[in-house]
Amino acid sequence: MIWVYIAGCVAVLLGMSVFFGAPYVPSRRRDLRRLLDTALPLGKTDVVLDIGSGDGVVLREVSRRGAKAVGYEIHPLFVWISRALSWRDPNVSVRWVNGWREAFPDATTIVYAFSVSRDGKRLQRAVQREANRLNRPLKLVCYGSPLVGIEPVATFEAYAIYVIEPLHLS
Ligand SMILES: C[S@@+](CC[C@H](N)C(=O)[O-])C[C@H]1O[C@@H](n2cnc3c(N)ncnc32)[C@H](O)[C@@H]1O
């Protein structure tokens, strides 16, 4: 009976990710390293926000390069795992939040997302809202599916890189 209960809890937890956004599939570490070592070098003042940070592979690679990394993750199990894997790393923090709704840290310079096409519009809306709020451009890096209706400033292998300028709506 206890196994039925545990299986039920796991099913509910995994269902959360699928309901709110992309299910868990990690970025390939090799792709990520090639991106950060060539097309998107990071400086010490960069703050990378991974929306839907999963097990935190992006956060750890960013931290290894001396930049700050913040993960927004809706699934409590992944929040726990990623915090454990970056235990005592001052460059990494992970928050248990709905990434589409939460304000970005004010110091964010780059937003990373493993984008699936069904979330493209939500992602673009969230980054636009925050670029407007912060009143400065934000760099958006999409892995997987490119966004529709907006041209990337650069592409690199499976990545499309965008710059979202603030809009001043009166
Ligand atoms: C495709 S995985 C990407 C993981 C990580 N960014 C990477 O590239 O390795 C997507 C993650 O987003 C999380 N997620 C889905 N919807 C979310 C939401 N609304 N807010 C925060 N996280 C979400 C899922 O739980 C999952 O861990």
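Before reading on, note that the structure itself is shown above.
Treat the numbers as computed from the prediction; the structure is a model and nothing was measured. (Residues numbered from 1 in each chain as written. Predicted model: local features only at pLDDT ≥ 70, side-chain atom pairs only at ≥ 80, totals over all residues.)

## Quick notes on the overall build of the protein chain
Then, number 1: The helix and strand tally for the protein chain stands at 5 helices and 7 strands.
Then, number 2: Here the protein chain, with 170 residues, has 35% of them falling under the buried criterion.
Then, number 3: The long-range fraction of contacts in the protein chain, counting pairs at least 24 apart against all pairs at least 6 apart in sequence, stands at 61%. (Helix = DSSP H or I, 4+ residues; strand = E, 2+ residues; numbered from the N terminus. Buried ≥ 20, exposed ≤ 12 C-beta atoms within 10 Å, placed from the backbone. Contact = placed C-beta atoms within 7 Å.)

## Quick word on the environment of Gly-144
Then, number 1: Residue position: Gly-144 is located in strand β5 (residues 138-144).
Then, number 2: Distance from Gly-144 to Ala-158, taken between C-alpha atoms, is 5.7 Å for residues 14 residues apart in sequence.
Then, number 3: Gly-144 has contacts with Phe-114, Ser-115, Val-116 and Ala-158, leaving out every residue within four places of it along the chain.

## Comments concerning the sheet that holds strand β2 (residues 68-73)
Backbone-to-backbone hydrogen bonds pair the strands of a sheet. The strands run either parallel or antiparallel.
Then, number 1: Within the open sheet, the 7 strands sit side by side as β3-β2-β1-β4-β5-β7-β6. Their pairing is mixed. Two strands bound the open sheet, and with one partner strand each, they are β3 (92-96) and β6 (154-156). Across the sheet, the mean angle separating the axes of adjacent strands is 20° when strand polarity is ignored.
Then, number 2: With 5 bridges joining them, β2 and β3 adopt parallel strand pairing. Bridge pairing in β3 places Glu-73 opposite Trp-96. (Pairing = 2+ DSSP bridges. Axes fitted to C-alpha atoms, helices over the stretch in contact; angles between N-to-C directions.)

## Things to note about unusual backbone geometry
Then, number 1: A positive phi angle is found at Asn-135, which is not glycine, with a value near 60°.
Then, number 2: One can find Asn-135 in the loop between α5 (120-134) and β5.
Then, number 3: Asn-135 sits in the exposed class, given 8 other C-beta atoms within 10 Å.
Then, number 4: Residues other than glycine seldom take positive phi values, yet Glu-157 does so here, at roughly 50°.
Then, number 5: Position of Glu-157 among the secondary structure elements: in the loop between β6 and β7 (159-164).

## Quick look at α5
Structurally, the α-helix is built with 3.6 residues per turn, so residues lying three or four positions apart point the same way.
Then, number 1: Between the first and last C-alpha of α5 there are 21 Å, a value that for 15 residues agrees with the 21 Å anticipated at 1.5 Å per step.
Then, number 2: What α5 keeps buried is the set Leu-123, Gln-124, Ala-126, Val-127, Glu-130 and Ala-131. Mapping the buried residues of α5 onto a view down its axis gives an arc of 165°, with all of them on the same face. Pointing more than 90 degrees away from the buried face of α5 are the exposed residues Lys-121, Arg-125 and Arg-133.
Then, number 3: The secondary structure elements touched by the buried residues of α5 are β1 (47-51), β4 (110-115), β5 and β7. (Expected span 1.5 Å × (residues − 1). Arc of directions from axis to C-beta.)

## With respect to the packing of helix α2 (residues 29-39) against helix α3 (residues 57-64)
Then, number 1: For the pair α2 and α3, interaxial distance at closest approach is 11 Å and the crossing angle is 35°. As α2 runs across α3, the sense of the crossing is right-handed. Contacts between α2 and α3 involve Arg-29, Leu-32, Arg-33 and Leu-36 on the former and, on the latter, Val-57, Val-58 and Glu-61.
Then, number 2: Of the residues contributing to the contact of α2 with α3, the split by class is 4 nonpolar, no polar and 3 charged. (Left-handed = near helix turned anticlockwise from the far one by under 90°. Nonpolar A, V, L, I, M, F, W, Y, C, P; charged D, E, K, R; others polar.)

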